[in-house]
Amino acid sequence: MSNTVVIIPSRLNARRLPNKPLKLINGKEIILHVYDLAKNSRAGDVLVVTPDKDIAELVKKNGGNSFLSTNQHETGTDRVFEAFKDFYLSKPKVIINLQGDMPNLDSNAIMKLKKHMEKDLCDMATLASSIKTKDEIQNRNIVKAITNDNLEKTGFSQALDFKRDLINTKNKFIYHHIGIYGFTSEALIRYVNLKRSKLEIERKLEQMRALENKMKIHVGFTKTKPLSVDTQKDLIKIKKIMEK
């Protein structure tokens, strides 16, 4: 087994787009697109963790690995931790939590995150791309990563904050956050044993739990900007891109 594992949390009961992982793009389910790009990254073992038998069986039927979790988790990271602990017996040193709704993510981005985590410079790392349009700035579905330095010059920089809107933000280094996280094993264990934080709940952003508990998060720059499928509108948009 690799020291790095890519764990993809996935469930059918999404509030804004039910059965999202099973929606088809080019005749292929979204969760299979994500699984395949994770495998193509060659970052490490890949596992889908889900409370839903339909997803688990679909992944296995197509030659992938899946793990059936309980249905009691408050966050995707809690579900990732269950797989880390019970499926992998807490052995991997680096755990990458890859959101299961980004079917056009560049697989090279996963390897970039893995390589940075192996340097042991931070507790967690994530990725972001540039913001170029007013729509991106105003869209609350797009999370903004605020960093200490210019990512396009430094490659990675320490995260200062994550927001859905930019009210009262004076920092000039603001980026389009991408939903992928690397954890050291120690950081993942610490994170899931922390209580949900005030800003995590208010902003509905899991990473705020880490920041509010002084965990160090690095943000890396990627030129590509994958779409996160959260709504039917997102699905229509990404289908136009991927089905060209």
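Rules of the game
Residues numbered from 1 in each chain as written. Predicted model: local features only at pLDDT ≥ 70, side-chain atom pairs only at ≥ 80, totals over all residues. Heavy atoms only, no water. Buried < 20%, exposed > 50% of the residue type's maximum accessible area, 1.4 Å probe, protein only. Helix = DSSP H or I, 4+ residues; strand = E, 2+ residues; numbered from the N terminus. Polar contact = N/O pair within 3.5 Å; in protein donor to acceptor, adjacent residues only side chain to side chain. Salt bridge = Lys/Arg side-chain N within 4 Å of Asp/Glu carboxyl O. Core = buried A, V, L, I, M, F, W, Y, C linked by side-chain atoms within 4.5 Å. Contact = heavy atoms within 4.5 Å. Pairing = 2+ DSSP bridges. Right-handed = clockwise from strand over helix to strand, strands pointing away. Phe/Tyr/Trp six-rings, centres within 6.5 Å; stacked < 30°, edge-to-face > 60°.

Visitor: Sorry, what's going on with helix α4 (residues 107–117) here?
Guide: Given 3.6 residues to a turn, an α-helix orients residues that are three or four positions apart in the same direction. α4 sits mainly inside the fold: eight of its eleven residues count as buried. For α4, the set of buried residues is Ser 107, Ala 109, Ile 110, Met 111, Leu 113, Lys 114, His 116 and Met 117. The N-cap residue of α4 is Asp 106: its side-chain oxygen and the backbone nitrogen of Asn 108 are 3.0 Å apart.

Visitor: How do you make sense of the pattern of salt bridges when you look at a structure like this?
Guide: Once their charged atoms are close, side chains differing in charge can pair, the charge on each being opposite to the other. Counting across every chain of the model gives eleven salt bridges. With a closest N to O distance of 3.0 Å, Glu 136 and Lys 225 form a salt bridge. Placement of Glu 136 in helix α5 (residues 134–138) and of Lys 225 in the loop between β11 (217–221) and α10 (232–242) is noted, with a sequence separation of 89 residues between them. Classification of Glu 136 as buried rests on a relative accessible area of 7%. Arg 196 is paired through a salt bridge with Glu 200; the nearest N and O atoms lie 3.4 Å apart.

Visitor: Is there a simple way to think about the nonpolar core in this case?
Guide: What tends to happen in soluble globular proteins is that the nonpolar side chains get buried as a cluster. If you look at the biggest cluster of nonpolar residues, it comprises 37 residues, and the most contacted ones within it are Val 6, Ile 8, Ile 31, Leu 98, Leu 105, Ile 110 and Ile 180. The element that contributes the greatest number of residues to this core is helix α1 (residues 30–41), accounting for seven residues. Once residues lying within four places of it in the same chain are set aside, the contact partners of Leu 98 are Val 6, Ile 7, Ile 8, Pro 9, Val 34, Leu 37, Ala 38, Leu 105, Ile 110, Gly 179 and Ile 180. Counting residues in each nonpolar core, the second largest holds 34 residues, with Leu 47, Ala 83, Ala 145 and Leu 205 among its members.

Visitor: In this structure, what is going on with the pairing of strand β4 (residues 45–50)? I would like to understand it.
Guide: Along any regular strand the residues' side chains alternate between the sheet's two faces. Most of β4 is tucked away, with five of its six residues classed as buried. Bridging between strand β1 (residues 4–9) and β4 involves five bridges; their strand directions are parallel. Within β4, the residue paired with Val 6 across the bridge is Val 46. By the bridge criterion, three bridges tie β4 to strand β5 (residues 66–68) in an arrangement that is parallel. Following the sheet pairing, Val 49 is matched in β5 by Phe 67. In this fold, the crossover linking β4 to β5 by way of helix α2 (residues 53–61) has right-handed handedness.

Visitor: Got a minute to help me understand the environment of Lys 153 in this structure?
Guide: Take Lys 153: it is sitting in helix α6 (residues 151–154). For Lys 153, a relative accessible area of 72% corresponds to the exposed category. Along the primary structure Lys 153 and Phe 221 are separated by 68 residues, whereas in three dimensions their C-alpha atoms are 9.1 Å apart.

Visitor: Whenever I open this one, the packing of aromatic side chains confuses me. Can you help?
Guide: The geometry of an aromatic ring pair is captured by the separation of the ring centres together with the interplanar angle, meaning the angle of the planes. Enumeration over the complete set of coordinates arrives at five aromatic pairs. Here Phe 67 and Phe 87 contribute two aromatic rings whose centre-to-centre distance is 5.9 Å and whose plane-to-plane angle is 65°, an arrangement assigned as edge-to-face. Within this pair, whereas Phe 67 is found in strand β5, its partner Phe 87 is found in helix α3 (residues 76–87), the two being separated by 20 residues in sequence. On the basis of relative accessibility, which here comes to 16%, the residue Phe 67 falls in the buried class. In this structure an aromatic cluster arises from ring pairing among Phe 67, Phe 87 and Tyr 88.

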